[in-house]
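Topology and contacts: notes
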Amino acid sequence: MRTIDVAEVTAVVAELCKKANFELGEDVLAAFKKALEDELSLTGKDILQQLIENARIAREEEVPMCQDTGFAVVFLEVGQEVHFTGGDLYAAVNEGVRRGYTEGYLRKSIVGHPFRRQNTGDNTPAVIHTRIVPGDRVKITVAPKGGGSENMSALRMLKPAEGEEGVKRFVLEVVKNAGPNPCPPLVVGVGIGGTMEKAALLAKEALLRPLGEPHPDEDVARLERELLESINRLGIGPQGLGGRVTALAVHVEVFPCHIASLPVAVNLNCHASRHKEALL
Ligand code: SF4
């Protein structure tokens, strides 16, 4: 049994909140550069260049790459040999978010109640997803999620007979309806199967995969390629001002499902496709 003081978790979460907002991943930057080659629209090219420059400034000057510094979504993969000491694990995560958002001068975007809508003032609470895994390590991933792209995400319970074609129709419908609102170029996370909430979580987890890395199952990888091609034929383009590059990548995750169900969730991520991780 390995002992970890939750104070360590707080410190790591605080750093990851800042890093995720300041430093765009190398995979996303590489995708911007490739998009610059693929894009034909001059306005689209100009926007992509500005996004690359924006990422450089954010990294060098340690300022957020977007004013919307997001809901702090935190994934914890906890080894079953780990024993936490020093307090409540989730309180420690929230303290990390509080510290990170305050120290980093990151915008506080969370209201404490969906109707009363008073800002909590420190970007807490985080949305925390925990998975117990073998071993004695703890992997912490912080993925700040912007409101604009989250708002355009959607879930539908399809009939099993609608099959792969039904899934494609739904994903394209979501991206088309979203138009410029989720700040393209997008990363499109798709979760297929499971129950309603499992599909939504799969779609969110799909956004964490290194950009453009195909799913190991060849059929799923083919679906990802076909969806990306179809999405990029919609003509929405960078920032919705027209062009070939509406999405940088489509990542699909699948899970077994009930004989009567075919749940599909689409979680859109904007060009500020942020997540950072650490291993304790
Ligand atoms: S959707 Fe993304 S890029 Fe657009 S405002 Fe929100 S966080 Fe920023």
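Preceding this paragraph is the structure being described.
Note that the coordinates shown come from a computational prediction; the quantities given were computed from them, not determined experimentally.

**Some remarks on the nonpolar core**
- With 26 residues, the main nonpolar core has Phe-84 and Ile-140 as its most contacted residues.
- Within the residue set of this core, elements represented by two or more residues are helix 1 (6–22), strand 2 (71–79), strand 3 (82–85), helix 4 (89–103) and strand 5 (138–145).
- The element best represented in this core is helix 1, accounting for seven residues.
- With near-sequence residues (within four places) excluded, Ile-140 lies in contact with Val-9, Val-12, Val-13, Leu-16, Val-74, Phe-75, Leu-76, Lys-276, Glu-277, Ala-278 and Leu-280.
- Among the nonpolar cores identified, the runner-up in size contains 23 residues, and Leu-158, Leu-186, Leu-227 and Ile-231 belong to it.

**Remarks on the layout of surface pockets**
- Its volume calculated, the largest pocket comes out at about 540 Å³.
- For the largest pocket, the lining is made up of 23 residues, of which Lys-34, Leu-228, Asn-232, Ala-247 and Leu-248 are closest to its centre.
- Where the lining of the largest pocket is concerned, the elements lending two or more residues are helix 2 (26–38), helix 8 (218–232) and strand 8 (247–255).
- Broken down by element, the lining of the largest pocket gets its largest block of residues, six residues, from helix 8.
- The class makeup of the residues in the lining of the largest pocket is eleven nonpolar, three polar and nine charged.
- Estimated volume of the second largest pocket: approximately 390 Å³.
- In terms of lining, the second largest pocket is formed by 19 residues, of which the most central are Phe-71, Ser-109, Ile-110, Lys-145 and Gly-147.
- At the level of elements, strand 2, strand 4 (127–133) and helix 5 (147–151) are the ones that each hand at least two residues to the lining of the second largest pocket.

Calculation criteria
Residues numbered from 1 in each chain as written. Predicted model: local features only at pLDDT ≥ 70, side-chain atom pairs only at ≥ 80, totals over all residues. Heavy atoms only, no water. Core = buried A, V, L, I, M, F, W, Y, C linked by side-chain atoms within 4.5 Å. Buried < 20%, exposed > 50% of the residue type's maximum accessible area, 1.4 Å probe, protein only. Helix = DSSP H or I, 4+ residues; strand = E, 2+ residues; numbered from the N terminus. Contact = heavy atoms within 4.5 Å. 1 Å grid on protein atoms, 1.4 Å probe; cavity = no way out; pocket = protein on both sides within 12 Å on 5 of 7 lines; lining within 4 Å. Points joined across faces, edges and corners; volume = space filled by probe spheres on them. Nonpolar A, V, L, I, M, F, W, Y, C, P; charged D, E, K, R; others polar.

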